[in-house]
Protein chains: 2
Amino acid sequence: MGVRVSSANSLTVEDLGSAAQRDRRKRILDATIALASQGGFDAVQMRAVAERADVALGTLYRYFPSKIHLLVSALQREFERTELALRDRPIEGDTTAERVITVLKRTTRGMQSDPKLTEALTRAFMFADSSVAAEIHQVGMLLTAMLTRAMYPTGHDEVTEEDVQVARVIGDVWLSALVGWVTGRTNAAETGQQIEVAVKLLLRD
Amino acid sequence: MGVRVSSANSLTVEDLGSAAQRDRRKRILDATIALASQGGFDAVQMRAVAERADVALGTLYRYFPSKIHLLVSALQREFERTELALRDRPIEGDTTAERVITVLKRTTRGMQSDPKLTEALTRAFMFADSSVAAEIHQVGMLLTAMLTRAMYPTGHDEVTEEDVQVARVIGDVWLSALVGWVTGRTNAAETGQQIEVAVKLLLRD
DNA sequence: GCTAAAATAGGAACACGTTCCAGTTTGCCG
DNA sequence: CGGCAAACTGGAACGTGTTCCTATTTTAGC
């Protein structure tokens with residue numbers, strides 16, 4: 001099982017393959033999101049995804065070696081979109097804490113507007129084992145990047161080690177809160193509060 | 001489906017049933033722990049648990065309605081034992097932060113000494129949905145109780161709302177760290193550091 | 001354009017969580 | 001003790017994630 005390298009780009013880590021392959025990959029992820037959005041984790045059935053993406057089951061498994069890989073990859077794509085959208089307009093808030101809370105609440109609200117999808121993606125994320133480490137790590141990086149950007153909105157280059165640590169801790173709390181919400185242990189308001197508490201405790205300057 | 005109430009104890013929430021039932025329950029949980037300890041989440045197969053506990057498959061499902069319930073119940077029992085063991089000897093450390101770190105690292109070390117078991121229990125915990133809310137909540141309470149006790153080892157009665165909040169945030173970080181370790185994204189040292197960072201940030205008095 | 005290699009389609013087969021059922025045993029009440 | 005309801009056994013059966021196989025189609029190199 002060697003690593004395939006496409007001829008066009010030797011610099012990017014991702015090998016997106018031919019146009020047909022990109023298209024299949026997109027169709028598969030679209031189908032995944034659609035099914036997840038409609039019925040959550042359980043509704044993302046591999047046969048259903050394959051059929052909806054107009055792809056054979058074996059092909060689906062060639063692109064994504066497991067249901068968890070599939071869902072985490074979908075999460076990654078969604079997260080990249082969110083992150084890009086956030087980058088557009090400036091972040092409101094005078095203090096660091098306020099800005100971080102703004103960003104997190106906005107993101108959380110976005111997720112809560114599609115609960116089934118969020119449930120599917122979050123459960124996959126939390127259930128992932130070491131074989132999905134690469135994708136998970138990528139998502140984690142996106143999250144801390146999002147948070148440090150909220151802390152220093154003006155392209156400040158003073159991101160200290162402690163800042164990154166704080167961002168990671170906040171990310172951890174956010175994840176736990178999300179899991180609590182997804183699994184029905186807390187409601188939306190409590191989730192928001194949980195994040196707010198953590199941020200205020202960590203960013204009380 | 002009515003609530004069954006045993007004749008002997010009307011005050012406790014848990015109805016432990018007859019001695020035979022308690023015995024079966026114990027055998028099942030023992031089998032679960034043994035299998036998890038040996039092969040992790042995947043090795044805890046319902047047929048295998050039933051066989052090892054010398055119980056029919058249907059009986060297993062009568063006691064625990066799903067694999068997740070089973071594993072979370074096992075986690076609960078293990079956690080109660082840990083918590084009891086911790087209660088015995090006093091907690092070392094002069095500052096609040098030191099004591100909390102001591103407790104968490106000791107617990108973490110205990111879990112890391114049986115990685116497969118920890119993997120099984122943690123994954124079940126993170127995958128649980130709202131039908132397991134009661135058990136999950138119980139575990140969460142145990143964790144915060146453990147942490148607040150570490151913060152005020154002398155039976156201090158001054159546990160403020162903020163203390164509980166801090167304990168919860170630390171618990172969240174600990175869980176995230178555990179998930180990271182279980183899924184192979186971080187090693188034992190990094191896990192310990194992650195907790196230490198969070199505690200020091202939150203308890204810097 | 002031809003050919004070998006890779007990718008895909010279509011679908012059978014297997015594993016394990018879960019459900020269900022018929023028959024048997026156990027526990028309890030009179 | 002006799003009888004009845006609940007619990008238990010043993011095992012079949014079903015759904016869905018995953019694997020595997022063969023025939024067909026697409027792609028890449030000459």
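The next subject is the relation of the copies chain B and chain A. Taken as rigid bodies, chain B and chain A are interconverted by a rotation of 179 degrees and an axial shift of 0.1 Å, the fit giving an RMSD of 0.1 Å. Between the two chains, the operation in question is that of a two-fold axis. With an isologous cut-off of 70% or more, the 100% of interface residues of chain B that recur at the interface of chain A puts this contact in the isologous class.

Here we take up the protein's contact with DNA strand C. Residues in contact with DNA strand C amount to 17 residues; listed here are only the nearest, Ala56, Thr59, Arg62 and Tyr63 of chain A together with Arg47 of chain B. Protein-proximal atoms of DNA strand C, defined as those within 4 Å of the protein, fall in sugar or phosphate at a share of 69%. Contact distances for DNA strand C include 2.8 Å between a phosphate oxygen and a side-chain N or O atom of Gln45 of chain B. Here a base oxygen of DNA strand C sits 2.8 Å away from a polar atom, N or O, in the side chain of Arg47 of chain B. Elements supplying a minimum of two residues to the surface near DNA strand C: helix 3 (57–63) of chain A together with helix 2 (46–52) and helix 3 (57–63) of chain B. By residue number, the principal contributor to the surface near DNA strand C is helix 3 of chain A, which donates 3 residues. Among the residues making up the surface near DNA strand C, the classes are represented as 7 nonpolar, 3 polar and 7 charged.

Counting through the fold element by element, Thr122 of chain A comes out in helix 6 (residues 115–127). Here Thr118 of chain A takes part through its backbone oxygen, which lies 2.7 Å from a polar atom of the side chain of Thr122 of chain A.

Residue and element names in this part refer to chain A. Along the chain, Glu119 turns up in helix 6. Classification of Glu119 by relative accessible area gives buried; the value is 19%. A polar side-chain atom of Glu119 sits 2.7 Å from a polar atom in the side chain of Arg123.

Next up on the list: the packing of helix 7 (residues 133–151) of chain B against helix 8 (residues 161–182) of chain B. Each pair of packed helices can be summarised by the angle the axes make with each other and by the distance between the axes. All names here are of chain B. Direction vectors running N to C along helix 7 and helix 8 enclose 120 degrees, while the axes themselves pass 9 Å from each other. When the axes of helix 7 and helix 8 are compared, the pair comes out oblique. The handedness of the crossing between helix 7 and helix 8 is right-handed. Between helix 7 and helix 8, the contacting residues are Leu143, Thr144, Leu147, Thr148 and Met151 on the first element and Asp163, Val166, Ala167, Arg168, Ile170, Gly171 and Trp174 on the second. Tallied by class, residues from the contact of helix 7 with helix 8 come to 7 nonpolar, 3 polar and 2 charged.

What follows deals with the confidence of the model for chain A. With 91% of its residues at a pLDDT of 70 or more, chain A has an overall mean of 87. Segment residues 1–13 of chain A is flagged for pLDDT under 50; beyond a separation of four residues in sequence, or across chains, it makes 5 contacts in the model.

On inspection of all chains with the given rule, the structure shows 5 aromatic pairs over all chains. Arranged with centres 5.5 Å apart and planes meeting at 75 degrees, the rings of Phe41 of chain A and Phe127 of chain B form a pair that is edge-to-face. Highlighted residues: Phe41 of chain A in helix 1 (residues 19–43) and Phe127 of chain B in helix 6 (residues 115–127), drawn from two different chains. The pair Phe41 of chain A / Phe127 of chain B is uniform in exposure class, with both members buried. Judged by centre distance (6.4 Å) and plane angle (65 degrees), the ring pair of Phe79 of chain A and Trp174 of chain A falls under edge-to-face. Placement of the pair is Phe79 of chain A in helix 4 (residues 67–88) and Trp174 of chain A in helix 8 (residues 161–182), with a sequence separation of 95 residues. Given the relative accessible area of 3%, Trp174 of chain A is considered buried. Taken together, Phe41 and Phe127 of chain A together with Phe41 and Phe127 of chain B form an aromatic cluster joined through their ring pairs. Here Arg123 of chain B stacks its cationic end above the ring of Phe41 of chain B, 5.4 Å away from the centre of that ring.

Parameters at a glance
- Residues numbered from 1 in each chain as written.
- Chains lettered and ligands numbered in written order.
- Predicted model: local features only at pLDDT ≥ 70, side-chain atom pairs only at ≥ 80, totals over all residues.
- Heavy atoms only, no water.
- Least-squares fit on C-alpha atoms with pLDDT ≥ 70 in both.
- Contact = heavy atoms within 4.5 Å.
- Near = heavy atom within 4 Å.
- Polar contact = N/O pair within 3.5 Å; in protein donor to acceptor, adjacent residues only side chain to side chain.
- Helix = DSSP H or I, 4+ residues; strand = E, 2+ residues; numbered from the N terminus.
- Nonpolar A, V, L, I, M, F, W, Y, C, P; charged D, E, K, R; others polar.
- Buried < 20%, exposed > 50% of the residue type's maximum accessible area, 1.4 Å probe, protein only.
- Axes fitted to C-alpha atoms, helices over the stretch in contact; angles between N-to-C directions.
- Parallel < 35°, antiparallel > 145°, perpendicular 65-115°, else oblique.
- Left-handed = near helix turned anticlockwise from the far one by under 90°.
- pLDDT = per-residue confidence, 0-100.
- Phe/Tyr/Trp six-rings, centres within 6.5 Å; stacked < 30°, edge-to-face > 60°.
- Lys NZ or Arg CZ within 6 Å of the ring centre and 35° of its normal.

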